[in-house]
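Each chain is listed here by its residues.
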Amino acid sequence: MNIDSWHVLCLGGATGIGLATAQLASSRGAHVTVVSNRQDEADKALEQLPQGSCGYTADLLDPQGRVELFDKAGTIDHLVYTAGENVSFTRITDYTTQAASMMLGLRVICALDAVRLAIPHMSNQGSITLTSGTAAFRPGPGWSLVGAFCGAINSAVKALAVELAPVRVNAVAPGVVRSPLWDQVGSSQSDEVFRQLSTALPAGRVAETSDIAKGYLYLMEQGYATGSVLLIDGGTLAMG
Ligand SMILES: NC(=O)c1ccc[n+]([C@@H]2O[C@H](COP(=O)([O-])OP(=O)(O)OC[C@H]3O[C@@H](n4cnc5c(N)ncnc54)[C@H](OP(=O)(O)O)[C@@H]3O)[C@@H](O)[C@H]2O)c1
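Procedures and definitions
- Residues numbered from 1 in each chain as written.
- Predicted model: local features only at pLDDT ≥ 70, side-chain atom pairs only at ≥ 80, totals over all residues.
- Helix = DSSP H or I, 4+ residues; strand = E, 2+ residues; numbered from the N terminus.
- Rg over C-alpha atoms; globule rule 2.2 N^0.38 Å.
- Buried ≥ 20, exposed ≤ 12 C-beta atoms within 10 Å, placed from the backbone.
- Contact = placed C-beta atoms within 7 Å.
- Core = buried A, V, L, I, M, F, W, Y, C linked by C-beta atoms within 7 Å.
- Expected span 1.5 Å × (residues − 1).
- Near = placed C-beta within 6 Å.
- Nonpolar A, V, L, I, M, F, W, Y, C, P; charged D, E, K, R; others polar.
- Pairing = 2+ DSSP bridges.
- Right-handed = clockwise from strand over helix to strand, strands pointing away.

**Q** Help me get a handle on the overall build of the protein, residues and values and all.
**A** Helices and strands together make up the secondary structure of the protein, namely 7 helices and 9 strands. A globule of 240 residues ought to have a C-alpha radius of gyration of about 18 Å, and the protein, at 17 Å, matches this closely. In terms of overall dimensions, the protein has a C-alpha envelope of 45 × 40 × 35 Å along the principal axes. Residue burial in the protein is summarised as follows: out of 240 residues, 44% are buried. By sequence separation, contacts in the protein at least 24 residues apart represent 68% of the contacts at least 6 residues apart.

Below is the structure:
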């Protein structure tokens, strides 16, 4: 199927990695729909996408909101899931079940439910790309929840690839990416993290969202990739 006949649905696609993926896919001719839980963000995203792109507002944490979203989304060729609230690192001594439910709820449980809801709208040639991260492989202190989410997604895509074949299911595992996810940390602290990482990483810089978007598009186009976790980390895991 030609890319210009694709419909790509990006959940969490109004900012960051999801928006960059929507921009890249639409620049290649795909029709894209981005979903945010804030109307102003969906509107801002549409200003950065070609005319004819769609922007929906839905709180993915709301089960009914998810059902209504898929009812109006129509046929889906490729589903991309990048929804996540702002990053926070919590040591296990400060762990709360509320923080855990938020992190694992939005990034794992809602992602899996989105897969369930998407399948009836997808053709056999379709693909699903979820999101994890390097925290699955090398977490730092305070990363137990982030690591748990990333590890869960990495395992889930393998199981789903087997269960949902011939629909392909993969994940992208980014290292640190300059995106709005870091806003809550504060610009001076995130700038310092980015500066230190840029010096340390083999790639010599922190990833931009456009670097990671290429991975999602690759997994959409690569008809032989399923059950894969595509690491795009600038050499993070290669470092000793
Ligand atoms: N950036 C990194 O360094 C990095 C590294 C590894 C993995 N990741 C993972 O990559 C994914 C995407 O991150 P990003 O960097 O692109 O961050 P981002 O720019 O903050 O994107 C996350 C998107 O999720 C949306 N969202 C949050 N809660 C939602 C809800 N309840 N319903 C619907 N949409 C919701 C946000 O929409 P609103 O703005 O409207 O809330 C936002 O557009 C996340 O899972 C993150 O953990 C990121």
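**Q** Account for the nonpolar core, naming residues and giving values.
**A** Val8, Cys10 and Val34 are the most contacted members of the largest nonpolar core, which totals 66 residues. Excluding residues within four positions of it along the chain, valine 8 makes contact with Ala22, Ala25, Ala30, Val32, Asp77, His78 and Val80.

**Q** An account of helix H5 (residues 144-164) is requested, with residue identities and associated values reported.
**A** In this model, H5 (21 residues) spans 29 Å end to end at C-alpha, consistent with the 30 Å of a helix rising 1.5 Å per residue. Where the residues of H5 are buried, they touch helix H4 (97-118), strand E5 (122-131), strand E6 (168-174) and strand E9 (229-232).

**Q** How would you sum up the site of the ligand? Please name residues and give values.
**A** Taken together, 27 residues lie near the ligand, and Gly16, Gly84, Gly133, Ser179 and Leu181 sit nearest. Secondary structure elements with two or more residues in the shell around the ligand: helix H1 (16-27) and H4. Sort the elements by how many residues they give to the shell around the ligand and H1 lands first, with 3 residues. Of the residues in the shell around the ligand, the class split is 11 nonpolar, 11 polar and 5 charged.

**Q** Tell me about the pairing of strand E1 (residues 7-11), and name the residues and values.
**A** The side chains of a regular strand alternate between the sheet's two faces. By the criterion of burial, E1 is predominantly enclosed, with 5 of the 5 residues buried. Side chains of E1 alternate between two faces, with His7, Leu9 and Leu11 and Val8 and Cys10 buried alike. Pairing of E1 with strand E2 (residues 31-36), which is carried by 5 bridges, proceeds in the parallel orientation. The residue of E2 that forms the bridge with leucine 9 is threonine 33. Taking the sense of rotation as the criterion, the β-α-β connection linking E1, H1 and E2 turns out right-handed. Here 4 bridges tie E1 to strand E4 (residues 76-81), and the two strands are oriented parallel to one another. Bridge pairing in E4 links valine 8 to histidine 78.

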